[in-house]
Amino acid sequence: MSHYGILQWADYARGVASPAERSAIGEHLSSGCAECRAAAVFWGTLARVSGVMAQQQAPESAVKLARAICPAAPRRAFRIPCELVFDSFLAPAPAGLRASWQVGWQALYRAGDCSLDLRIEPDPLSSQAALIGQVSNHATPDSPMSDVPVSLKSGKRVVAETRSNRFGEFQMEYDQQSRLELCVLLEGGAKRIVAPLRRVAVQAEGAGNAPRRANRANRPQGNQG
Ligand SMILES: [Zn+2]
């Protein structure tokens, strides 16, 4: 006589087994199989407890703890269509964007209600570069953009990662390579923005006086303008 396995019990306990399977299991149980009787009790209890727990809001502390235990298992996040609306390689800076900044690349992406203000400053002495950016929501400018996970990816490989500060600003240093994408995870990982980055070379002429790196006063302060 064969008994039943986890798949059958999971369906039976939740009441989603087919009528034929349901009656077969019922007959088997009434034949007096102690092993399956114990399994039926266990799975029935589990289904009941799970049903009750699913109705309850988990405490914030428990959610935080669970996220800390498995941080890298986000479900496939919805990718917000992302549009490059300003590229300093293609156009002179419009009013509102700083014109004083000359080395590297400056870009502005729009993705849904969000803006992604980026600049890349290449290191003249190596293949390294610094990425300075700010993510903001222009539909609800007061909504917090702090602690947003930001990563640089080459395919699936994470090259650098950080989190935004309370102004939505972030900064990363990384080794320049082709086909890099900046990934910004929003709403707890439910949505993501993926913005391609340019590879930026330092111009040869005048490299002697070129600023090594923009100072902090040149960091983006917002998207007003
Ligand atoms: Zn059995």
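Refer to the structure above for everything that follows.
Everything quoted here is computed from the prediction, not taken from an experiment.

Within the protein one finds four helices and ten strands. For the protein, the α and β elements follow one another from N to C terminus as α-α-α-α-β-β-β-β-β-β-β-β-β-β. Across the 225 residues of the protein, 33% fall into the buried class. Considering only intrachain contacts with a sequence separation of at least 6, the fraction spanning at least 24 residues in the protein is 54%.

This part covers the pairing of strand E5 (residues 128-137). Counting buried positions along E5 yields nine of ten residues, so the element is predominantly enclosed. Sheet topology places strand E4 (residues 114-122) next to E5; nine bridges connect them, and they run antiparallel. From the neighbouring strand, Cys114 faces E5, where its bridge partner is Asn137. Between E4 and E5, which pair antiparallel in sequence order, lie five residues.

For any pair of aromatic rings, the description rests on two quantities: the centre-to-centre distance and the angle between the ring planes. With the rule as written, the count across this model stands at four aromatic pairs. Considering the side-chain rings of Phe42 and Trp43, the 5.4 Å spacing of their centres and the 85° angle between planes classify their relative orientation as edge-to-face. A relative accessible area of 19% means that Trp43 is categorised as buried. Among the aromatic side chains, those forming a connected cluster through ring pairs are Tyr4, Trp9 and Tyr12.

Glancing now at the sheet that holds strand E7 (residues 157-163). One open sheet accounts for five strands, arranged E1-E10-E9-E6-E7; its pairing is mixed. At either end of the open sheet lies a strand with only one pairing partner, and these are strand E1 (78-80) and E7. For this sheet the average axis-to-axis angle between neighbouring strands, irrespective of direction, equals 30°. Relative to strand E10 (residues 191-196), E1 is paired through three bridges, and the arrangement is parallel. Opposite Ile80, over in E10, you have Ile193 as the bridge partner.

Time to look at the environment of Arg192. Here Arg192 lies in strand E10. Residues Arg192 and Leu182 lie ten residues apart in sequence; the distance between their C-alpha atoms is 10.0 Å. Apart from the residues lying within four places of it in its own chain, the contact partners of Arg192 are Arg76, Ala77, Phe78, Arg79, Ile80, Val184 and Leu185.

Quick look at the sheet that holds strand E8 (residues 169-175) now. In spatial order, the strands read E2-E3-E4-E5-E8; together these five strands make up an open sheet with antiparallel pairing. Of all strands in the sheet, those bounded by a partner on one side alone are strand E2 (82-87) and E8. Neighbour-to-neighbour, the strand axes of this sheet turn through a mean angle of 25°, independent of strand direction. Sheet topology note: the E5/E8 ladder contains seven bridges and is antiparallel. Directly across from Leu131, in E8, lies its bridge partner Met172.

Taken together, His3 (ND1), His28 (NE2), Cys33 (SG) and Cys36 (SG) make up the full set of protein donors to the zinc ion, lying 2.0 to 2.3 Å away. Around the zinc ion, the four donor atoms sit at angles spanning 98 to 122°, and that spread fits a shape best called tetrahedral. Read in sequence order, the donor residues coordinating the zinc ion give the pattern H-x24-H-x4-C-x2-C. In terms of burial, Cys33 and Cys36 fall into one category: buried.

Summarising burial for E4: nine of the nine residues are buried, a large majority. The alternating pattern of E4 places Cys114, Leu116, Leu118, Ile120 and Pro122 and Ser115, Asp117, Arg119 and Glu121 on opposite faces, both of which are buried. Pairing between strand E3 (residues 105-111) and E4: seven bridges, direction antiparallel. Across the sheet, Gln106 pairs through a bridge with Arg119, a residue of E4. Remark: two residues form the turn of the hairpin made by E3 and E4, two consecutive strands paired antiparallel; Gly112 in that turn has positive phi of roughly 60°.

Conventions we followed
- In every chain, residue numbers begin from 1 and rise along the written sequence.
- Local features are withheld for residues below a pLDDT of 70 in this predicted model, meaning they are given only at 70 or higher, and side-chain atom pairs are given and counted only at 80 or more; totals for whole chains, interfaces and linings count all residues.
- Water and hydrogen atoms play no part in the side-chain values, which are based on all heavy atoms of the structure.
- Helix and strand definitions follow DSSP, with helices as H or I runs of at least four residues and strands as E runs of at least two, each counted in order from the N terminus.
- Relative accessibility thresholds used throughout: buried, under 20% of the residue-type maximum; exposed, over 50%; partly exposed, between the two (1.4 Å probe, protein chains only).
- Contacts were defined at the residue level, with two residues in contact if any of their heavy atoms lie within 4.5 Å.
- The criterion for strand pairing is that DSSP finds at least two bridges linking the strands in question.
- Here the aromatic set is Phe, Tyr and Trp, taking the six-membered ring for Trp, and pairing holds for ring centres within 6.5 Å; pairs whose planes are under 30 degrees apart are stacked, those over 60 apart are edge-to-face, and all others are tilted.
- All axes are obtained by fitting lines to C-alpha atoms, using only the stretch in contact for helices, and the reported angles, taken between N-to-C directions, cover 0 to 180 degrees.
- Donor selection uses N, O and S atoms within 2.8 Å of the metal (3.2 Å for Na, K and Ca). Since no water is included, sites may look incomplete.
- Geometry is assigned from donor-metal-donor angles: four donors are tetrahedral when every angle falls between 85 and 135 degrees, four are square planar and six octahedral when opposite donors sit over 155 degrees apart with all other angles between 65 and 115, and any other arrangement is irregular.

So yeah, pure geometry; function would need other evidence.
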